Number of protein chains: 2
Amino acid sequence: VDRFEPNLRIPGPTALPPSVRTAGGRQMINHRGPEFAAMLERILTGMKPFFGTTSDVAMITTAGSGGLEAAVVNTMSPGDKVVGVSIGSFGDRFAKIAGIYGADVTKLDAEWGYAAAADEVRETVRATPGVKAVLLTHNETSTGVMNPIADLAAAVRAEAPDALILVDSVSGLGAVPFEMDDWGVDIVVTGSQKAWMSAPGLAMIAASPRAWAAMEQATMPRFYLDLRAHRDAAANGQTPFTPAIAVVYQVDEGLRLMGEEGAPAIFARHEACAAAARAGLSALGFQLFADPAAASKTVTAAWVPEDLDWKAFNGEVKRRGVVLAGGQGKLTGKIFRLGHLGSVTIEEILGAISTLEFASLASGRPVTPGAAVAAAQVAALEAYGVAVPAAARA
Amino acid sequence: VDRFEPNLRIPGPTALPPSVRTAGGRQMINHRGPEFAAMLERILTGMKPFFGTTSDVAMITTAGSGGLEAAVVNTMSPGDKVVGVSIGSFGDRFAKIAGIYGADVTKLDAEWGYAAAADEVRETVRATPGVKAVLLTHNETSTGVMNPIADLAAAVRAEAPDALILVDSVSGLGAVPFEMDDWGVDIVVTGSQKAWMSAPGLAMIAASPRAWAAMEQATMPRFYLDLRAHRDAAANGQTPFTPAIAVVYQVDEGLRLMGEEGAPAIFARHEACAAAARAGLSALGFQLFADPAAASKTVTAAWVPEDLDWKAFNGEVKRRGVVLAGGQGKLTGKIFRLGHLGSVTIEEILGAISTLEFASLASGRPVTPGAAVAAAQVAALEAYGVAVPAAARA
């Protein structure tokens, strides 16, 4: 039995609000019946404004990576030229999937910690005549960097008006504005365990009319991930295969809560929590990993100081109830990550920062009690547009 | 708000026991942490006796159909000769998946309602020299037929000692005995929402040493469903992609309950419930769809009588709290199905039969009050080996 509920500060799965937890514990229903049909309709319709689209959305029982695979295999044929723009582990994964299915992938790698540069994307697309698709990561969970998708999509369009633009927004969508239709994006993938405040298990995928049309020509093999089957079943209030009903309950409830809060408030809360996390970690002496100009609104990465015994420090932090994430891939052991997405509150970020401060003091690091919390408070207030007296910032 | 909990008598998802429901409502944890690792280890180890194997088991966040796709794409290469033995919708699906990925599929179709005949399987395999794999369905959910896998596997082995035998046991495993290693079966797929008493969302897949070796040669493309990635991550207490944690909680709890009850008691309960369902439906005047010699232990299908207004009748049954499943594919509207797997109790089957009896009386069908329930009771008792006095059977 747990003595307390940890402050889960990993970049997904995110903590579940109480009513979402309750939803996950509901009894099963017939997934071919009217109650499920109503729920599916609420979800697929309710997600559209967050995608910024009027096109059809599909829901598949899979992790986000299965959603990325769906984006690839539904729209391409072996031999298709693809530009894979990567700014971290998940960008590498997206490109890898395309290669596994026989696409002719040109990688464009940004230095980890930085966003992709629109002019470099434009140059690479220009140097790839006949490019079928460009793969972009909206929020790169492994580095805590958020790409400017509107700018990158415009760069692609300038050189290749017909190229499909496929975007991994597993850890971004729902937490920040996204305008798929306005930006000319063709496929966007998101996952239930991120901004949607639910357990993992469902990927939601929106496709533009151009992408839906491309699926009729694409010859990469697919069955379970065939988006057309999901769209057609959804038109009858069903999924083509038995869905993760417990998670469907949760996403339905998560979306209800998001509707109550409203998108502007959700986005502002993520901005404020991100600002607080960056300011607090900086004040604790941690060097942030991401270029400040491209810092993610949903996860903040920081370097592990060379003089810090991370395992001991993180153990102390965890004993105090704060669960952080380590680095991934080549960043394993070199960075740590603090998630702030989904149900996150300012209180949880201040709590995490104060616990890191406490652990820093306990381990003899040169920090001033309360200073990091103060910095986080001020940053959050300023993000909310609240003027903080200069005296309070000393 | 629901006034009562329905008697969910569809062949999956099955009703969740109270503690499994509670497990589904738990807060999220870090899926890269020790608590998750311990849970994954319990599940993958705890499932082995039900598979009847000492080989590695993999767990993937997907519906059962994704598990079937994993069985195909991990073991085969385009052009491989495959025999797809089908006795219903799910056998057709298994063969269809192999074809989509480029296998050279020979179908062997049994008449729906019957098991596959071992001599026909043997003949088809003999007529397919160099066959790479044979696809079998253990329990065909669409028809309520259970195949004799031991006999069919022996028939395959007699003609093609090196062929891989891939078995869909999504709706069979855990409810009835299965001896994968003894029978020489190479891949077995099951799903969380069936005998495991959990929500849908996880497929568990066991592979023989021969199947694991075949994966190194197989060239069908796969990423999300690559079983080797799942096996390798599991060796480190993880999944390669974020798992459906809420469902993992449930399967962990479901397996704990199954351990308490014990496999012999679980199998006997399914035998008794199946016998009660068949006897009760027959006594109500419904003609059973499946060959009695091959009747499933987890789902019973019956013809919709030509003189019955099924929609009205089923509506009455549903209002009384019993949820049945309709037919699938070409059997839509022609049969109905009553599921008895997972958490099912004799009480639930007797309750369903008595409600069908009640609805039959209400709709003027020629039934004797209590007679169908009596038949179901006697059948269940006899399945349990309890002698019923002849007088009680009158």
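A.B. asks: Provide a residue-level description of the layout of surface pockets, including the pertinent values.
C.D. replies: In this structure, the second largest pocket encloses a volume near 1200 Å³. Lining the second largest pocket are 50 residues; nearest its centre among them are A:Gly327, A:Gln328, A:Arg337, B:Arg32 and B:Gln238. At the level of elements, helix H3 (64–75), helix H4 (89–100), helix H12 (310–319), strand E13 (325–326) and strand E14 (335–339) of chain A together with helix H9 (227–234) of chain B are the ones that each hand at least two residues to the lining of the second largest pocket. When residues of the lining of the second largest pocket are assigned to their parent elements, the largest contribution, six residues, is made by H4(A). Tallied by class, the residues present in the lining of the second largest pocket amount to 18 nonpolar, 22 polar and 10 charged.

A.B. asks: Outline the packing of aromatic side chains, supporting the account with residue identities and numerical values.
C.D. replies: All names here are of chain A. A full pass over the atoms with the stated rule returns 18 aromatic pairs over all chains. Ring plane angle 40° and centroid distance 5.8 Å describe the contact between Trp310 and Phe313, whose orientation is recorded as tilted. Linking Trp310 with Phe313, this pair stays in helix H12, spanning three residues, or about one helical turn. Of the two residues, Trp310 and Phe313, neither departs from the other in class, the shared state being buried. Following the ring pairs from residue to residue traces out a cluster consisting of Phe286, Trp310, Phe313 and Phe336. One cation-aromatic arrangement involves Arg26 over Tyr249; the distance from NZ or CZ to the ring centre is 4.0 Å.

A.B. asks: If you had to explain the side chain of B:Thr75 to someone new, which residues and values would you point to?
C.D. replies: Inspection of the secondary structure assignment puts B:Thr75 in helix H3 (residues 64–75). Residue contacts for B:Thr75: discarding those within four places in its chain leaves B:Lys132, B:Leu164, B:Leu166, B:Ile187, B:Ala214 and B:Ala218.

A.B. asks: Requested: an account of the packing of helix H11 (residues 263–283) of chain B against helix H14 (residues 371–383) of chain B, with residues and values cited.
C.D. replies: Residues and elements named next belong to chain B. As a packed pair, H11 and H14 sit with axes 7 Å apart at the nearest point and diverge in direction by 150°. Judged by the angle between their axes, H11 and H14 are roughly antiparallel. Crossing hand, H11 versus H14: right-handed. Residue-level contacts link Glu271, Ala272, Ala275, Ala276, Ala279, Gly280 and Ala283 of H11 to Ala371, Ala372, Ala375, Ala376, Ala379, Ala380 and Ala383 of H14. Classifying every residue of the contact of H11 with H14 gives 12 nonpolar, one polar and one charged.

A.B. asks: Summarise the sheet that holds strand E5 (residues 133–137) of chain B; cite the residues concerned and give the values.
C.D. replies: Residue and element names in this part refer to chain B. Within the open sheet, the seven strands sit side by side as E2-E10-E9-E8-E5-E3-E4. Their pairing is mixed. Here the strands that pair on one side only, and so sit at the sheet edges, are strand E2 (57–61) and strand E4 (104–109). Looking at each pair of strands side by side, their axes are set apart by 20° on average, direction ignored. Pairing of strand E8 (residues 164–168) with strand E9 (residues 187–191) involves three bridges; the strand directions are parallel.

A.B. asks: Kindly report on a nonpolar patch on the surface, identifying the contributing residues and their values.
C.D. replies: A cluster of nonpolar side chains, namely A:Leu381, A:Tyr384 and A:Val386, defines an oily patch on the protein surface of about 250 Å² accessible area. Topologically, A:Tyr384 is positioned in the segment after helix H14 (371–383).

A.B. asks: Please provide a residue-by-residue account of helix H2 (residues 34–51) of chain A, values included.
C.D. replies: Residue and element names in this part refer to chain A. With 18 residues, H2 ought to run about 26 Å at 1.5 Å a step, and its terminal C-alpha atoms sit 26 Å apart, in line with that. For H2, the set of buried residues is Phe36, Met39, Leu40, Ile43, Leu44, Met47, Phe50 and Phe51. One face of H2 carries all of its buried residues, which in axial projection span an arc of 125°. Away from its buried face by more than 90 degrees, H2 exposes Pro34 and Pro49. Positive phi appears at Gly52, one or two residues downstream of H2, with a value of about 70°.

A.B. asks: Any details on the sheet that holds E13(A)? Residues and values, ideally.
C.D. replies: Read across the open sheet, the three strands follow the order E11-E14-E13 (chain A); overall the sheet is antiparallel. Sheet topology places strand E11 (299–303) and E13 of chain A at the edges, where each strand pairs with a single neighbour.

A.B. asks: Which residues make up the interface of chain A and chain B, and what values go with them?
C.D. replies: In this assembly, 48 residues from chain A lie in contact with 48 residues from chain B. Where chain A abuts chain B, roughly 3800 Å² becomes buried across the two surfaces, and 64% of that area is made up of carbon and sulfur atoms. Among the residues of chain A in contact with chain B, A:Gln27, A:Met28 and A:Phe223 are the three that bury the most area, contributing 18% of the side total. The tally of links from chain A across to chain B stands at zero salt bridges. Summed over the shared surface of chain A and chain B, the result is 12 residue pairs in polar contact (both at pLDDT 80 or more).

A.B. asks: Give me the pairing of E2(B): which residues, what numbers.
C.D. replies: Residue and element names in this part refer to chain B. With five of five residues buried, E2 is to be regarded as a mostly interior element. Across five bridges, E2 lies against strand E10 (residues 202–207) in antiparallel orientation. Within E10, the residue paired with Val57 across the bridge is Ala206.

A.B. asks: An account of the side chain of B:Glu316 is needed here, citing residue identities and associated values.
C.D. replies: All names here are of chain B. As for its placement among the helices and strands, Glu316 is situated in helix H12 (residues 310–319). There is a polar contact of 2.9 Å between the side chain of Glu316 and the side chain of Arg319. Residues in contact with Glu316, not counting those within four places in the same chain, are Phe358 and Ala359.

A.B. asks: So what's going on with the relation of the copies chain A and chain B? Which residues, and what values?
C.D. replies: At an RMSD of 0.0 Å, chain A and chain B line up after a rotation of 180° and a shift of 0.0 Å along the axis. What the rotation and shift describe, once combined, is the action of a two-fold rotation axis. When C-alpha distances to the rotation axis are compared across chain A, the minimum falls at A:Gly25, with a value of 2.1 Å. Interface overlap between copies: 100% of the residues of chain A at the interface are likewise at the interface in chain B, consistent with a symmetric, same-surface contact.

A.B. asks: Mind laying out the packing of H3(B) against helix H4 (residues 89–100) of chain B, listing which residues take part and the relevant values?
C.D. replies: All names here are of chain B. Here H3 crosses H4 at 45°, and the two axes come no closer than 9 Å. As judged from the angle between their axes, H3 and H4 are oblique. As H3 runs across H4, the sense of the crossing is right-handed. Residues Ser65, Leu68, Glu69, Ala71 and Val72 of H3 form the contact with H4, whose own contacting residues are Arg93, Phe94, Ile97 and Ala98. Its residues placed into classes, the contact of H3 with H4 shows six nonpolar, one polar and two charged.

Thresholds, definitions, all that
- Residues numbered from 1 in each chain as written.
- Chains lettered and ligands numbered in written order.
- Predicted model: local features only at pLDDT ≥ 70, side-chain atom pairs only at ≥ 80, totals over all residues.
- Heavy atoms only, no water.
- 1 Å grid on protein atoms, 1.4 Å probe; cavity = no way out; pocket = protein on both sides within 12 Å on 5 of 7 lines; lining within 4 Å.
- Points joined across faces, edges and corners; volume = space filled by probe spheres on them.
- Helix = DSSP H or I, 4+ residues; strand = E, 2+ residues; numbered from the N terminus.
- Nonpolar A, V, L, I, M, F, W, Y, C, P; charged D, E, K, R; others polar.
- Phe/Tyr/Trp six-rings, centres within 6.5 Å; stacked < 30°, edge-to-face > 60°.
- Buried < 20%, exposed > 50% of the residue type's maximum accessible area, 1.4 Å probe, protein only.
- Lys NZ or Arg CZ within 6 Å of the ring centre and 35° of its normal.
- Contact = heavy atoms within 4.5 Å.
- Axes fitted to C-alpha atoms, helices over the stretch in contact; angles between N-to-C directions.
- Parallel < 35°, antiparallel > 145°, perpendicular 65-115°, else oblique.
- Left-handed = near helix turned anticlockwise from the far one by under 90°.
- Pairing = 2+ DSSP bridges.
- Patch = residues over 30% accessible without salt bridge, like charges linked within 9 Å, V, L, I, M, F, W, Y side chains within 5 Å.
- Areas by Shrake-Rupley, 256 points an atom, 1.4 Å probe, with all protein chains shown as cover.
- Salt bridge = Lys/Arg side-chain N within 4 Å of Asp/Glu carboxyl O.
- Expected span 1.5 Å × (residues − 1).
- Arc of directions from axis to C-beta.
- Buried area = accessible area lost by both parts, 1.4 Å probe.
- Polar contact = N/O pair within 3.5 Å; in protein donor to acceptor, adjacent residues only side chain to side chain.
- Least-squares fit on C-alpha atoms with pLDDT ≥ 70 in both.

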